[in-house]
Amino acid sequence: MVLMEQMVMLLVFALAAALCMQAFVKSDQLSQQIVDRDQAVSLCQNAAEAIRASKGDFAQAAKLLGADTYDSDSLMVDYAKDWTPAEDTMRYTLGVTRLEEDQPGLGRAAVWLRDEQEETELFRLEAAWQEVSIHGS
């Protein structure tokens, strides 16, 4: 009888331990998602500030951000899993794309960061700046 009670108690403790392990694994995954989201927000804000500071000059913003590819209307930066600029193995992509604007003198761009492995967008924002024009030239 005592041996049976001990086996039942061992079973109860094993089930409790399994549930706790499951909770720890889930909390670790959630924690990593939050870290990734925070890093995405920070990188998107930096990119938005770079495009604003350059007044919509994507070549200048690309230099500020260390962009891999750029043209007059977009730029992209690839990052590895540890959020360092990717050379070979890319995990995340930061992109800035010029948006059409119906108000003269105002420029806008979409800034986004994608997790290429999960195929999800981690963060997106819009940046706006006043475009400089020289009259009479």
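Above this text sits the structure in question.
Rules of the game
Residues numbered from 1 in each chain as written. Predicted model: local features only at pLDDT ≥ 70, side-chain atom pairs only at ≥ 80, totals over all residues. Heavy atoms only, no water. Phe/Tyr/Trp six-rings, centres within 6.5 Å; stacked < 30°, edge-to-face > 60°. Buried < 20%, exposed > 50% of the residue type's maximum accessible area, 1.4 Å probe, protein only. Helix = DSSP H or I, 4+ residues; strand = E, 2+ residues; numbered from the N terminus. Patch = residues over 30% accessible without salt bridge, like charges linked within 9 Å, V, L, I, M, F, W, Y side chains within 5 Å. Areas by Shrake-Rupley, 256 points an atom, 1.4 Å probe, with all protein chains shown as cover. Salt bridge = Lys/Arg side-chain N within 4 Å of Asp/Glu carboxyl O. Pairing = 2+ DSSP bridges.

A. Main features of the packing of aromatic side chains. Scanning the entire structure with this criterion turns up two aromatic pairs. Seen in terms of ring centroids, Y79 and W83 are 6.4 Å apart; in terms of plane orientation they differ by 45°. Their pairing is tilted. When sorted by exposure, Y79 lands in the same class as W83, which is buried. Aromatic pair W83 and Y92: ring centres 3.8 Å apart, planes at 10°, arrangement stacked. Since its relative accessible area comes to 13%, W83 is described here as buried. An aromatic cluster is defined as three or more aromatic residues linked by ring pairs; in this entry it consists of Y79, W83 and Y92.

B. Summary view of unusual backbone geometry. With a phi angle near 55°, K55 is a residue other than glycine that sits in the positive phi range. Looking at the secondary structure, you find K55 in the loop between α1 (2-53) and α2 (58-65). For E119, which is not glycine, the phi torsion reads 55° and is therefore positive. With respect to the helices and strands, E119 occurs in the loop between β4 (106-115) and β5 (120-130). Under the relative-accessibility criterion, E119 is labelled exposed at 60%.

C. Highlighting a nonpolar patch on the surface. Residues L3, M4, M7, V8 and V12 make up a contiguous nonpolar surface patch of roughly 510 Å² in combined accessible area. Within the secondary structure, M4 sits in helix α1. Accessibility expressed as a relative area gives 53% for M4, which makes it exposed.

D. Representation of the pairing of strand β2 (residues 74-79) within the structure. Taking every second residue as pointing to the same face, the buried face of β2 carries L75, V77 and Y79, while none of S74, M76 and D78 on the other face is buried. As defined by bridge partners, strand β1 (residues 69-70) adjoins β2 across two bridges and the pair is classed as antiparallel. The residue bridging Y70 from the neighbouring strand is L75, located in β2. Taken together, β1 and the strand that follows it, β2, pair antiparallel across an intervening segment of three residues. Pairing geometry for β2 and strand β3 (residues 92-99), over six bridges, is antiparallel. Paired with D78 across the two strands is T93, which belongs to β3.

E. Expanded view of the pattern of salt bridges. Considering all chains together, one arrives at seven salt bridges under this definition. Between E116 and R114 there is a salt bridge, and its shortest N-O distance comes to 3.7 Å. Judged by relative accessible area, E116 falls into the partly exposed class, the value being 28%. Residue classification places R114 among the partly exposed residues on the basis of a relative accessible area of 25%. The closest approach of N and O atoms between E121 and R124, which form a salt bridge, is 3.1 Å. Given a relative accessible area of 37%, E121 falls into the partly exposed group. Residue class for R124 comes out partly exposed when judged on its relative accessible area of 45%.

So far we have only geometry, and geometry alone does not tell us how the molecule works.
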